[in-house]
Structure formats: structure tokens, C-alpha cells
Amino acid sequence: MIDFIGKRRYSFAASALVMAIGLILFAFMGINLDIQFEGGSIFEFQIRNADFVTAEAEALVRDAIGRSCSVQKLQAYSGEGITLLRIQISKSEGDLTGEERSALIDAFYDDARFHVDRDTEINVQYVDPSMGDEMRNNGIMAVAASSLMIIVYIAIRFRRTSGFSAGVTIVVGLLHDAVVVIAFYVLFRIPINDSFIAAILTILGYSANDTIVIYDRVRENVRKMPKAESADIVNKSINQSLTRTINTSATTIVTVAIVFAFAKAFNIQSLVDFTIPLILGFTTGIYSSLFICSPLWVMWLDYRKGRKRARGKGLRAKPR
């Protein structure tokens with residue numbers, strides 16, 4: 001039997017190190033927000049060359065208007081040999097002027113590498129940052145509401161085995177998973193968009209379910225082992241649930257990875273944006289269920305038992 005609780009110092013130290021690195025990266029590099037949150041301009045060109053490198057388009061925009069941008073190949077019309085090219089320019093450096101818009105469009109018309117047909121209509125969109133602010137605030141509220149509902153549900157379901165503490169430790173594990181995923185996005189400068197928020201909410205639900213399975217086994221073992229220590233009960237419960245946890249999570253991760261590979265192969269960017277955080281979150285969810293939530297719950301239960309013993313000794317010591 002693996003002693004998960006006994007190794008909690010190592011797991012806590014590893015998690016603290018990763019989260020500290022994430023906070024340092026966030027402090028020095030910041031979060032790379034998608035244009036949905038920052039606002040800006042989106043240009044979509046239909047081009048007849050799918051073999052170009054996105055760096056070529058980024059360099060062309062810099063040479064034309066002196067702005068940085070993000071470039072995506074969104075969709076290929078194989079029958080007509082046309083690829084949809086999306087250029088996103090954030091308004092962090094200010095709004096594009098009419099001259100800059102015209103210069104950017106002319107640059108793609110004139111560059112023979114992209115084969116942009118002058119007769120095709122160019123789709124230009126302007127994104128208001130206030131919409132992104134509202135979306136971001138709603139996303140944060142959704143995460144907070146989900147966490148609160150998880151605590152309430154666990155507190156009711158496990159009320160005979162310190163349900164409130166179980167719910168709090170689950171939410172701590174979920175926050176750990178979210179911070180690790182965000183640190184990955186900061187490190188690799190992946191833009192955070194609405195798909196990321198949807199993925200985080202999905203991760204919260206899935207990781208909580210993993211931990212609930214372990215806690216449910218703990219509740220059964222408490223009745224079977226009434227005189228055992230909390231660490232022994234939780235250790236046994238984790239080992240009994242280990243095969244199920246690994247098999248279920250591995251199957252889910254492989255399935256999501258296949259969706260990611262499919263989306264990457266066919267340039268379905270919305271699916272790529274959604275599956276990347278899912279793969280990361282589901283992987284860290286296994287770790288947090290085994291090495292974060294369960295040991296924290298044991299520490300909480302032992303702390304409560306210690307306080308009860310101390311209170312009992314104090315009462316016995318009082319003179320009549």
C-alpha cells in the first residue's frame with residue numbers, strides 16, 4: 001500500500017514550488033489576454049496559400065504598420081484551395097487609424113506569398129474591451145459560485161465525516177489545478193480567452209468528482225474502522241480508489257488529446273483553445289486529488305481531534 005499521507009511534505013513542497021514559479025512568472029511576464037478581453041481589430045483574409053508560416057504574416061504586419069499581432073489559420077477550403085487567415089491586433093497600443101488599416105490590407109494584397117484576391121471581401125471586426133471585461137468578470141463569478149456550491153454540496157453529503165472541511169480541501173485542490181494551468185499559459189504566452197474560462201469550469205467539476213470518489217470511500221471505511229487513525233483510513237481509501245482514478249482520468253485525457261490532435265490537424269482553433277487547458281487540468285487533477293486534497297483533509301481532521309482532546313483535558317483539570 002502506498003503511503004500518500006506520509007509523503008505529504010514532498011507533495012506540498014512540489015506544489016508550493018510550482019505555484020511560486022507561476023506567481024513569479026505572472027509578476028514579471030503578466031497574462032497574455034486574447035483580443036476578446038483587451039479589445040482591438042480582427043482582419044480575415046481568404047488566401048490561396050496554406051503553406052506559409054505564421055511568422056511571415058506577423059513580420060508583414062510589423063513592416064506595414066509597426067504593430068505586433070497574432071496570426072491564425074482558421075479553416076481550409078480544400079476544394080477551392082483557399083485558407084482563412086485571421087490577423088488579431090490588440091488595442092493595447094491604441095486604436096488602429098484608417099491609414100493603418102488601409103496599409104495593412106494593401107500589404108497583404110501586394111505580397112505574392114499569400115495570393116490574396118483583390119475581388120474577395122475582407123472581413124474586418126472591431127472588438128470592444130468592455131465586452132471582454134464583462135465576460136471576464138462573469139467568468140470569475142462563475143468560478144466563485146461553483147466553488148461555493150461544491151463546498152455546500154460536500155458539506156451536506158459528508159456531514160457525518162466533517163463535510164465542511166472536505167468541501168474546503170476539495171476547493172483548495174481545484175484552485176491548485178487552476179493556478180498550475182494559468183502558470184503554463186503565462187510561461188508559454190498562450191492567450192487566455194473565453195474557451196479558457198469554459199475549460200476551467202469543466203476542470204473544476206471533473207477534478208471535484210475525482211476527489212469525491214476518494215472521500216466516499218473514506219466515509220465507508222470510517223464505519224468499518226471506527227478506531228483507526230485518520231491517516232490510515234484515508235490512505236486505505238486512496239489505495240482502494242487508485243486504479244479507478246487512474247483508469248478513468250487516463251481514458252478522459254486520451255480522448256481529449258485525440259480531439260486536440262484532430263482540431264490541430266484541421267485548424268479548428270476554438271477546439272484547440274478548449275482542449276489544451278483540459279489536458280493540463282485533468283492531469284493536475286489526478287495529482288491534487290491524491291497528494292493535495294486528501295492529505296489536507298487528514299491534517300484538518302487531526303487538528304480537530306487534537307483540539308477536542310485538549311478541551312477535554314482542560315475540563316477534567318478544573319476543580320469542582
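Now for a quick tour of the structure. Since the structure is predicted, the reported quantities are computational estimates derived from the model, not experimental observations. (Residues numbered from 1 in each chain as written. Predicted model: local features only at pLDDT ≥ 70, side-chain atom pairs only at ≥ 80, totals over all residues. Heavy atoms only, no water.)

1. Quick notes on the overall build of the protein
Line of reasoning, step 1. The secondary structure content of the protein amounts to nine helices and four strands.
Line of reasoning, step 2. Listed N to C, the secondary structure of the protein is α-α-β-α-β-β-α-β-α-α-α-α-α in terms of helices and strands.
Line of reasoning, step 3. For the protein, whose C-alpha radius of gyration is 26 Å, the value lies well above the compact-globule estimate of 20 Å for 320 residues.
Line of reasoning, step 4. Projected onto its principal axes, the C-alpha coordinates of the protein cover approximately 95 × 40 × 30 Å.
Line of reasoning, step 5. Sorting the 320 residues of the protein into buried and exposed places 42% on the buried side.
Line of reasoning, step 6. Split by element, the accessible area of the protein, about 17,300 Å² in all, is 60% carbon and sulfur.
Line of reasoning, step 7. Taking the average location of the 35 positive side-chain charges in the protein and that of its 31 negative ones, the two points are 26 Å from each other. (Helix = DSSP H or I, 4+ residues; strand = E, 2+ residues; numbered from the N terminus. Rg over C-alpha atoms; globule rule 2.2 N^0.38 Å. Buried < 20%, exposed > 50% of the residue type's maximum accessible area, 1.4 Å probe, protein only. Areas by Shrake-Rupley, 256 points an atom, 1.4 Å probe, with all protein chains shown as cover. Lys, Arg positive; Asp, Glu negative; His and termini not counted. Charge placed at Lys NZ, Arg CZ, Asp CG, Glu CD.)

2. Comments concerning helix α3 (residues 54–65)
Line of reasoning, step 1. With 12 residues, α3 extends 17 Å from end C-alpha to end C-alpha; this agrees with the ideal 16 Å at 1.5 Å per step.
Line of reasoning, step 2. Of the positions making up α3, those classed as buried are Ala 57, Leu 60, Val 61 and Ile 65. For α3, the arc enclosing every buried residue in end-on projection is 100°, short of the 170-degree limit, so these residues lie on one face.
Line of reasoning, step 3. Gly 66 sits one or two residues past α3 and shows a positive phi near 70°. (Expected span 1.5 Å × (residues − 1). Arc of directions from axis to C-beta.)

3. Notes on the pattern of salt bridges
Line of reasoning, step 1. Under the defined criterion, the tally for this structure stands at eight salt bridges.
Line of reasoning, step 2. Of the charged contacts, one joins Arg 113 and Asp 111 as a salt bridge, the two residues approaching to 2.7 Å between their closest N and O atoms.
Line of reasoning, step 3. Among the ionic pairs, Arg 217 bridges to Glu 220, the shortest N-O distance being 3.6 Å. In this pair, Arg 217 and Glu 220 both sit in helix α7 (residues 194–224), three residues apart, roughly one turn of the helix.
Line of reasoning, step 4. On the basis of relative accessibility, which here comes to 29%, the residue Arg 217 falls in the partly exposed class.
Line of reasoning, step 5. The partly exposed category is assigned to Glu 220, whose relative accessible area is 29%. (Salt bridge = Lys/Arg side-chain N within 4 Å of Asp/Glu carboxyl O.)

4. Details of unusual backbone geometry
For residues other than glycine, phi is negative in most cases, and the peptide bonds are mostly trans.
Line of reasoning, step 1. In this structure, His 115 takes a positive phi of about 55° despite not being glycine.
Line of reasoning, step 2. Tracing the sequence through the fold places His 115 in the loop between α4 (98–110) and β4 (123–127).
Line of reasoning, step 3. If you check the backbone angles, Arg 189 has positive phi at about 55° while not being a glycine.
Line of reasoning, step 4. Examined against the element boundaries, Arg 189 turns out to sit in the loop between α6 (163–187) and α7.

5. What to know about helix α1 (residues 8–29)
Line of reasoning, step 1. With 22 residues, α1 should reach 32 Å at 1.5 Å per residue; the first-to-last C-alpha distance of 31 Å fits that figure.
Line of reasoning, step 2. If you check which residues of α1 are buried, you get Ser 11, Ser 15, Gly 22 and Leu 25. Projected down its long axis, α1 carries its buried residues within an arc of 85°, all on one side. Those residues of α1 that are exposed and angled more than 90 degrees off the buried face are Arg 9, Tyr 10, Leu 17, Leu 23, Ala 27 and Phe 28.
Line of reasoning, step 3. Of the residues trailing α1, Gly 30 is marked for its positive phi of about 75°.

6. Thoughts on the environment of Leu 84
Line of reasoning, step 1. Relative to the helices and strands, Leu 84 is located in strand β3 (residues 82–90).
Line of reasoning, step 2. Leu 84 sits 183 residues away from Asn 267 along the chain, and the two C-alpha atoms are 9.8 Å apart.

7. A closer look at the nonpolar core
Line of reasoning, step 1. Grouped together as the largest cluster of nonpolar side chains are 46 residues, with contacts concentrated most on Ile 170 and Tyr 215.
Line of reasoning, step 2. Listing elements by their share of this core, those giving two or more residues are α5 (129–157), α6, α7, α8 (230–265) and α9 (269–317).
Line of reasoning, step 3. Top contributing element to this core by residue count: α7, with 12 residues.
Line of reasoning, step 4. Among residues more than four places away in sequence, those in contact with Tyr 215 are Phe 158, Ala 166, Thr 169, Ile 170, Cys 293, Ser 294 and Trp 297.
Line of reasoning, step 5. Core analysis: the next-biggest nonpolar cluster, separate from the first, contains 22 residues, Ile 47, Leu 96, Ile 105 and Ala 107 among them. (Core = buried A, V, L, I, M, F, W, Y, C linked by side-chain atoms within 4.5 Å. Contact = heavy atoms within 4.5 Å.)

8. Focus: the packing of aromatic side chains
Line of reasoning, step 1. Following the criterion strictly, the structure yields 10 aromatic pairs and no others.
Line of reasoning, step 2. Centre to centre, the rings of Phe 158 and Tyr 215 are 6.4 Å apart; their planes meet at 85°, and the pair counts as edge-to-face. Residue Phe 158 is located in the loop between α5 and α6, and its partner Tyr 215 is located in helix α7; the two are separated by 57 residues in the primary sequence. Side by side, Phe 158 and Tyr 215 carry an identical accessibility label, which is buried.
Line of reasoning, step 3. Members of the aromatic cluster, connected to one another through ring pairs, are Phe 4, Tyr 287 and Phe 291.
Line of reasoning, step 4. Over the ring of Phe 158 we find Arg 219; its NZ or CZ atom is 4.8 Å from the centre of that ring. (Phe/Tyr/Trp six-rings, centres within 6.5 Å; stacked < 30°, edge-to-face > 60°. Lys NZ or Arg CZ within 6 Å of the ring centre and 35° of its normal.)

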